[in-house]
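The primary structure of each chain is shown beneath.
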Amino acid sequence: SQQGEEDPQALSIQEGENATMNCSYKTSINNLQWYRQNSGRGLVHLILIRSNEREKHSGRLRVTLDTSKKSSSLLITASRAADTASYFCATGLTGGGNKLTFGTGTQLKVEL
Amino acid sequence: EAQVTQNPRYLITVTGKKLTVTCSQNMNHEYMSWYRQDPGLGLRQIYYSMNVEVTDKGDVPEGYKVSRKEKRNFPLILESPSPNQTSLYFCASSLGGQTYEQYFGPGTRLTVT
């Protein structure tokens, strides 16, 4: 099974609302990254959080990491229609060399 | 403009006909990798390379080959494609390995009939 699994698989909200998606992983990590993918296009990096960090912010994005629960969450505040995309977490495993393992993604739809 | 380019963007081929998907980056990145994306499975890493002449297997390397003769190029080779290799393929590059932001190409949609 996947190292990183996002939850929910799909999320539909109204513009202006906040969107929260979660990522759970199985083994010890060095860092966790979040990416966005617009339909059928390449992924775009959003934010990286290291294992010794608990929270990071970037504009309307807030990422938390709880290594004891092996989980991370991505919060998008005041969502816009342009935030409609799939969001993936990616983990760099402790002792995993230079591999980066992606989850299955959350499809976010922001409606006007 | 800093970018990762892939060619072709779309390819339809038949079982067994060797093909190569090219990937090139202009950012002088050390690390390059290939992923395939399938519905419900997310992105899975095929191969990665930390530097010229250094390549390593990812999670799903079977049926694929790669080479890294130059720093900027990292072609993906399917010696004998099969229908289960029908997928959306992405090349990515970064300054280093797992602790760095990955820059992705636009993707290559491959159909093997």
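Please read all numbers here as calculations on a predicted model, not as lab measurements. (Residues numbered from 1 in each chain as written. Chains lettered and ligands numbered in written order. Predicted model: local features only at pLDDT ≥ 70, side-chain atom pairs only at ≥ 80, totals over all residues. Heavy atoms only, no water.)

A. Region of interest: the sheet that holds strand 8 (residues 76-78) of chain B. Residue and element names in this part refer to chain B. Taking strand neighbours across the sheet as the criterion, the four strands line up as 1-3-8-7 in an open arrangement whose pairing is antiparallel. One side of each edge strand has no neighbouring strand; the edge strands of this open sheet are strand 1 (4-7) and strand 7 (65-66). For strand 1 and strand 3 (residues 19-25), the ladder comprises four bridges, and the chain directions are antiparallel. Of the residues in strand 3, the one forming a bridge with valine 4 is glutamine 25. (Pairing = 2+ DSSP bridges. Helix = DSSP H or I, 4+ residues; strand = E, 2+ residues; numbered from the N terminus.)

B. Representation of the state of the cysteines. Per the counting criterion, the structure on display carries two disulfides over all chains. Linked covalently through their sulfurs, A:Cys23 and A:Cys89 form a disulfide whose S-S length is 2.0 Å. Torsion about the S-S bond of the A:Cys23 and A:Cys89 cystine: about 65°, corresponding to right-handed handedness. Highlighted residues: A:Cys23 in strand 3 (residues 19-25) and A:Cys89 in strand 9 (residues 85-93), separated in sequence by 66 residues. Each member of the pair A:Cys23 and A:Cys89 is classed as buried. Shown here is the disulfide that connects B:Cys23 with B:Cys91, its sulfur atoms set 1.8 Å apart. (Disulfide = S-S within 2.5 Å. Buried < 20%, exposed > 50% of the residue type's maximum accessible area, 1.4 Å probe, protein only.)

C. Structural view of the side chain of B:Ser49. Residues and elements named next belong to chain B. For serine 49, the position within the fold is in strand 5 (residues 42-51). Accessibility expressed as a relative area gives 0% for serine 49, which makes it buried. Of note is the side chain of serine 49, whose polar atom sits 2.6 Å from the backbone oxygen of valine 54. Of the polar contacts made by the side chain of serine 49, one reaches the side chain of arginine 68; its length is 2.8 Å. With residues near it in sequence (within four places) discarded, serine 49 still touches Glu30, Tyr31, Met32, Val54, Thr55, Arg68 and Phe74. (Polar contact = N/O pair within 3.5 Å; in protein donor to acceptor, adjacent residues only side chain to side chain. Contact = heavy atoms within 4.5 Å.)

D. Focus on unusual backbone geometry. Residue A:Pro8 is bonded to the preceding A:Asp7 through a cis peptide linkage, with omega at 0°. Summarising the element assignment, A:Pro8 is placed in the loop between strand 1 (4-7) and strand 2 (10-14). That bond from B:Asn7 to B:Pro8 is cis: its omega, -5°, falls within 30 degrees of zero. Looking at the secondary structure, you find B:Pro8 in the loop between strand 1 and strand 2 (10-13). The backbone of A:Lys70 sits at a positive phi, close to 50°, despite the residue not being glycine. With respect to the helices, strands and loops of the structure, A:Lys70 is situated in the loop between strand 7 (61-66) and strand 8 (71-76). The class for A:Lys70 is partly exposed, based on a relative accessible area of 30%. A positive phi angle, close to 45°, is found at A:Ala78, a residue other than glycine. Mapped onto the elements, A:Ala78 comes out in the loop between strand 8 and strand 9.

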